[in-house]
Amino acid sequence: MNIETTRRNLLKGMLAVPVLGTMLAVLSPFMRFLKPTIKPLNYMQGPDLPKSLKPVTFDLSLFPNAFDVQSFNFTQINKEYTALGTQIRDIPGYAVKLPSGDFAVYSRICPHLGCVFNFVLNPEDVAKGYNFKPDGPVFACPCHLSVFDIQQEGKVVSGPAPRPPRKFVYKVENNQLVISDLESGGVA
Amino acid sequence: MIANIKENGIKIFQTSKKWVEDHINGIDIFDEHYIDKAKTNPWYTLGSLVWLFWMITIVSGCLLMAIYLPSISEAYDSIVKIQFEIPFGAITRGVHKYAADAVIIAATIRLYRMFIACDYKPNREFNIAIALITLLFGMYSGLTGYLLIWNQRAFWATKVFATFPTYVEQFYILGPTHVGINTSQILLGGSSIGQATMTRFYSFHIAFTLLALIAHELYIYKTGHKRLNISWKMASIPIAMVFITAIILPAQIGHRADPNVTPLPILSDWYFLALYQFLKYMEPVWATALTVLIPLTVIVLPFLDLGPEKRLSKRPVFLMVVIMGFLEFLIFSFLIIFNIANIHRDPPIWRMGTWLLIAIGVIWQYIVHKIDRPEKLSVAIGDFIAYVVCPLFVLYWVFPTLLNGWITLKQQIVGVGICMVPAVIGYTWHFLIRKKLKIEEEKAAA
């Protein structure tokens, strides 16, 4: 090989710089086309979060005993990148009365990979299906066998889930349980 | 000095240019370089079969597009209509589904053939990557395709697929960069699964095939290769097989998607089942990392197989990796289908099995190496420590330690420390003896 071809190749190589630059410049508009909520060149922008529509209320007389459970659907408005712009989505949740008199109010969407988990009252049932025997009633996800202890603030006691399920914001007032908001994160 | 650098630079440039040219000339997409071989060896028709099944999928898909409605409220109904009311609808849909399955089966067997018959030598290492990308395209089209039915399996598989990227966030030490969650939202077309997801998956389902088709036709136009290396008479057999399967076994519909009820057991299409089982065993961060690492390993493997040796018995590490991959795919799929896995008892067993298979390969490779090139005992001991003991320590201790969340940081540090001692001794020995031998050789030559 002689030097001339090297020079030509060097020039060709230098040409790659503006081409790459153009491609990079196109990347931002392309990403914004696919995700219109991104501000220009703001690649690190946080995700779009859903908004809560209206609170869910329960009468406290529905929870006479410990581990009485009510399931509910909490409505949220999600962003959607179509002509419609938004989508209304129900998030399933559980409100459980704990022996201490407090409530455990959690989204039923498993923080692992988004399945809907169940409330299992009998530890024997968990031992049969989930390879783990808990001390008391738990939330147990049938998909990948994660088990969450209700009495330890949703701690993962078995299975692959990385964190406790997401909590609802709630308060007790006028003899009613008012569930008003949901911890963000995850895919609904 | 400067002249030396220049000379070396030109030399490196020339070798790398030749390497790139050789590898570009070796590119083979659907076995079009094996026309003669395909006449006697049926395994070399697999590339053509992939292309053939792909074309069947495209044609039947074009027909289905005329009836199908890509909306979350009407998609399921339109599938029911295609299946039960439209004349020949069930056959068209069956052909589309089974031809797509056949693409994945043929592409998988073809990848195994390339490893076993060593088709990547010489200068054809990229063909493994191309074959793998073909397979991944097939799987991605399958995944986007079965969401379009909008049944339970589709909905929950999509949820798993979309939650996966969010674990990328946990790789960063510096804190969340939102790359994972933004990827997830771009895939879904919003912050939840809905109409945008369906529109997006429908467009990706078609767009990827269209772009790949254009790229392949350009390649054919430029190189003048034939698309099929079998006769149409032969090709009619697999076509007939797809039609017969579609008539005998009508494609499943399942139940309409319900975002509030997870079906039990939750299953994906057959080619993702092993990965699904993997998800039960692994911490999600590592499961995400490994899901990306498995294809990368497949791409890198042929580059690690040095030397001209093509016989499988002389490449035992590769034989063992091939066997391991196949066994784990079969066993994991079996476990999830029959739902008999125990997430606490099984992982150490299959992890040990994996390392054991690779260890057999490494030791066997070492023996083969020794028989072919007998050397002095001192060199052999150094080599044994460097190439067998150290990798085994790494395999048995470092990886399981990293993959097990329940081992503490202190234990991990101790474990890595234990690994480092034989490694340092082995490699020092290895290089010192090599250097000594070299000096002796130079003396003898002088």
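None of the values given here were measured: they were computed from a predicted structure.

Considering the interface of chain A and chain B
- At the interface, 41 residues of chain A touch 47 residues of chain B.
- Approximately 3,900 Å² of surface area, both sides summed, lies buried where chain A meets chain B, with 60% of it carried by carbon and sulfur atoms.
- Counting across the chain A and chain B interface gives zero salt bridges.
- Between chain A and chain B we count 15 residue pairs in polar contact (both at pLDDT 80 or more) in total.
- At the level of secondary structure, the elements contributing two or more residues to the side of chain A that touches chain B comprise helix H1 (3–34), strand E3 (69–79) and strand E4 (86–97) of chain A.

Some words on the packing of helix H3 (residues 46–65) of chain B against helix H9 (residues 195–223) of chain B
All names here are of chain B.
- Look at H3 against H9: their axes get within 12 Å of each other, and the N-to-C directions meet at 135 degrees. When the interaxial angle is binned, H3 and H9 end up oblique. Relative to H9, the crossing made by H3 is left-handed. When H3 is examined against H9, the residues Trp51, Trp54, Met55, Ile58 and Met65 are found in contact with a partner set consisting of Tyr202, Ile206, Thr209, Ala212, Leu213 and His216.
- Among the residues making up the contact of H3 with H9, the classes are represented as nine nonpolar, two polar and no charged.

Here we look at helix H7 (residues 152–163) of chain B
All names here are of chain B.
- With twelve residues, H7 extends 17 Å between its outermost C-alpha atoms, agreeing within 8% with the 16 Å of an ideal straight helix rising 1.5 Å per residue.
- Buried residues dominate H7, accounting for ten of its twelve residues.
- The complete set of buried residues in H7 reads Gln152, Ala154, Phe155, Trp156, Ala157, Thr158, Lys159, Val160, Ala162 and Thr163.

Observations regarding a nonpolar patch on the surface
Residue and element names in this part refer to chain B.
- Taken together, the side chains of Trp43, Ile105, Ile109, Trp270, Ile323, Phe326, Leu327, Phe329, Leu330 and Ile331 present a nonpolar region at the surface, about 860 Å² in accessible area.
- Those elements that place two or more of their residues in the nonpolar patch are helix H5 (89–116) and helix H13 (316–338).
- Here the nonpolar patch gets six residues from one element, more than from any other, and that element is H13.
- Along the chain, Ile109 turns up in helix H5.

A look at the domain arrangement of chain B
All names here are of chain B.
- Taken domain by domain, chain B consists of domain 1 (1–259) and domain 2 (311–446).
- Contacts between the two partners involve six residues from domain 1 and, on the opposite side, six residues from domain 2.
- Buried surface at the junction of domain 1 and domain 2, summed over both partners, amounts to about 530 Å²; 65% is from carbon and sulfur atoms.
- For domain 1, the biggest contributors to the area lost against domain 2 are Tyr112, Phe115 and Ile116; these three give 76% of the whole.
- Summed over the shared surface of domain 1 and domain 2, the number is zero salt bridges.

Re the state of the cysteines
Residue and element names in this part refer to chain A.
- Counting across every chain of the model gives one disulfide over all chains.
- Disulfide pairing places Cys115 opposite Cys143 at an S-S distance of 2.0 Å. Since a negative S-S torsion denotes a left-handed disulfide, the Cys115-Cys143 link at about -105 degrees is left-handed. With Cys115 in the loop between strand E5 (103–107) and strand E6 (118–120) and Cys143 in the loop between strand E7 (138–140) and strand E8 (147–149), this pair connects stretches of sequence that are 28 residues apart.

Cut-offs applied
Residue numbers here run from 1 along each chain, matching the order of that chain's written sequence. Lettering for chains starts from A, numbering for ligands starts from 1, and both go in the order in which the items are written. Local features in this predicted model are restricted to residues whose pLDDT is 70 or higher, and side-chain atom pairs enter the listing and the counts only when it is 80 or higher, whereas totals over whole chains, interfaces and linings include all residues. Only hydrogens and water are set aside when side-chain values are computed; all heavy atoms of the structure are taken into account. It only takes one pair of heavy atoms within 4.5 Å for two residues to be counted as in contact. Throughout, the accessible surface (probe 1.4 Å) given up by two parts as they are put together, summed over both, is called the buried area. When a carboxyl oxygen of Asp or Glu lies within 4 Å of a side-chain nitrogen of Lys or Arg, that pair is called a salt bridge. Pairs of N or O atoms within 3.5 Å make up the polar contacts considered here, provided that, within protein, one atom can donate a hydrogen while the other can accept it, and that residues adjacent in sequence are counted only when both atoms are side-chain atoms. Numbering goes from the N terminus for both helices and strands, where a helix is a DSSP run of H or I of at least four residues and a strand is a run of E of at least two. Interaxial angle, 0 to 180 degrees, is taken between N-to-C directions of lines fitted to C-alpha atoms, where a helix line uses only the stretch in contact. When an angle is under 35 degrees it counts as roughly parallel; over 145 it counts as roughly antiparallel; between 65 and 115 it counts as roughly perpendicular; any other value is oblique. By definition, turning the near helix anticlockwise from the far helix through less than a right angle yields a left-handed crossing, and turning it clockwise yields a right-handed one. Classes in brief: Ala, Val, Leu, Ile, Met, Phe, Trp, Tyr, Cys and Pro nonpolar; Asp, Glu, Lys and Arg charged; the others, Gly included, polar. Helix span, expected: 1.5 Å multiplied by one less than the number of residues in the helix. The rule is simple: take the accessible area with a 1.4 Å probe, protein chains only, and divide by the maximum for that residue type; under 20% is buried, over 50% is exposed, in between is partly exposed. In this scheme, patches are assembled from residues that exceed 30% relative accessible area and form no salt bridge. Like charges are connected within 9 Å, while nonpolar side chains (Val, Leu, Ile, Met, Phe, Trp, Tyr) are connected within 5 Å. Working definition of accessibility: Shrake-Rupley area with a 1.4 Å probe, residue cover restricted to the visible protein chains. What counts as a domain boundary in this text is fixed by an automatic or database domain assignment. Cysteine sulfurs are considered disulfide-paired once they come within 2.5 Å of each other.

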